Amino acid sequence: MQLTARATGAGRRAGIRDTDGMAVASFVLGLLGLLVLNVFLGPIAIALASVALWRGTARRGRALLGLGLGVADLLVLAAFMSADNTMSWSL
């Protein structure tokens, strides 16, 4: 019985660490997506932030920023696509 409780506690800590990592990754990818590859990085940032929030990350603010930046990536892409009628944009 003691082994099961210890294994469950270790699994819970690893799960929290994973969700915190997802929150940070969504923030970084969303920020990076504003500059390059926003068509790919935006949806990935949105997905990672959504999963991190759903699992209850301790870094809720970072996950919300990643979600917002992922949406901003797609909005920037849509704005530039409508401005110059291409699938991407360059600086």
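Residues numbered from 1 in each chain as written. Predicted model: local features only at pLDDT ≥ 70, side-chain atom pairs only at ≥ 80, totals over all residues. Heavy atoms only, no water.

Some remarks on unusual backbone geometry
For Leu37, which is not a glycine, the phi torsion comes out positive at approximately 50°. Relative to the assigned elements, Leu37 resides in the loop between α1 (2–33) and α2 (38–55). Look at Leu37 and you get exposed, because its relative accessible area is 54%. (Helix = DSSP H or I, 4+ residues; strand = E, 2+ residues; numbered from the N terminus. Buried < 20%, exposed > 50% of the residue type's maximum accessible area, 1.4 Å probe, protein only.)

Section: the side chain of Thr57
Looking at the element boundaries, Thr57 is found in the loop between α2 and α3 (60–84). When its relative accessible area of 10% is taken as the criterion, Thr57 is described as buried. One polar contact links the side chain of Thr57 to the main-chain carbonyl oxygen of Thr19, over a distance of 3.5 Å. Residues contacting Thr57, with those up to four places away along its chain left out, are Thr19, Asp20, Ala23, Ala52 and Ala63. (Polar contact = N/O pair within 3.5 Å; in protein donor to acceptor, adjacent residues only side chain to side chain. Contact = heavy atoms within 4.5 Å.)

Points about α3
For α3, with 25 residues, the first-to-last C-alpha span of 36 Å sits near the 36 Å given by 1.5 Å per residue. Those residues of α3 not exposed but buried are Ala63, Gly66, Leu69, Gly70, Asp73 and Leu77. Of the residues flanking the end of α3, it is Asn85, one or two places downstream, whose phi is positive at about 55°. (Expected span 1.5 Å × (residues − 1).)

Notes on the side chain of Asp20
Among the secondary structure elements, Asp20 is positioned in helix α1. No salt bridge forms around the buried Asp20; measuring N to O, its nearest opposite-charge neighbour Arg59 is 4.3 Å away. A polar contact of 2.7 Å, which involves the side chain of Asp20, links it to the side chain of Thr57. Not counting the four nearest positions on each side in its chain, Asp20 is found in contact with Thr57, Ala58 and Arg59. (Lys, Arg positive; Asp, Glu negative; His and termini not counted. Salt bridge = Lys/Arg side-chain N within 4 Å of Asp/Glu carboxyl O.)

Some remarks on the confidence of the model for the protein chain
Averaged over all residues, the pLDDT of the protein chain equals 82, while 77% of them reach at least 70. Model confidence for the protein chain, summarised as mean pLDDT per element, is weakest for α1 at 73 and strongest for α2 at 93. Counting contacts from residues 1–6, a segment whose pLDDT is below 50, to residues more than four positions away or on other chains yields zero contacts. (pLDDT = per-residue confidence, 0-100.)

Details of α2
With 18 residues, α2 ought to run about 26 Å at 1.5 Å a step, and its terminal C-alpha atoms sit 25 Å apart, in line with that. Taken as a whole, α2 has its buried residues at Asn38, Leu41, Gly42, Ala45, Ala49 and Ala52. Considered in projection along α2, the buried side chains sweep an arc of 105° and stay on one side of the axis. Residues of α2 that are exposed and angled more than 90 degrees away from the buried face: Phe40 and Trp54. Following α2 by one or two positions, Gly56 adopts a phi angle in the positive range, close to 80°. (Arc of directions from axis to C-beta.)

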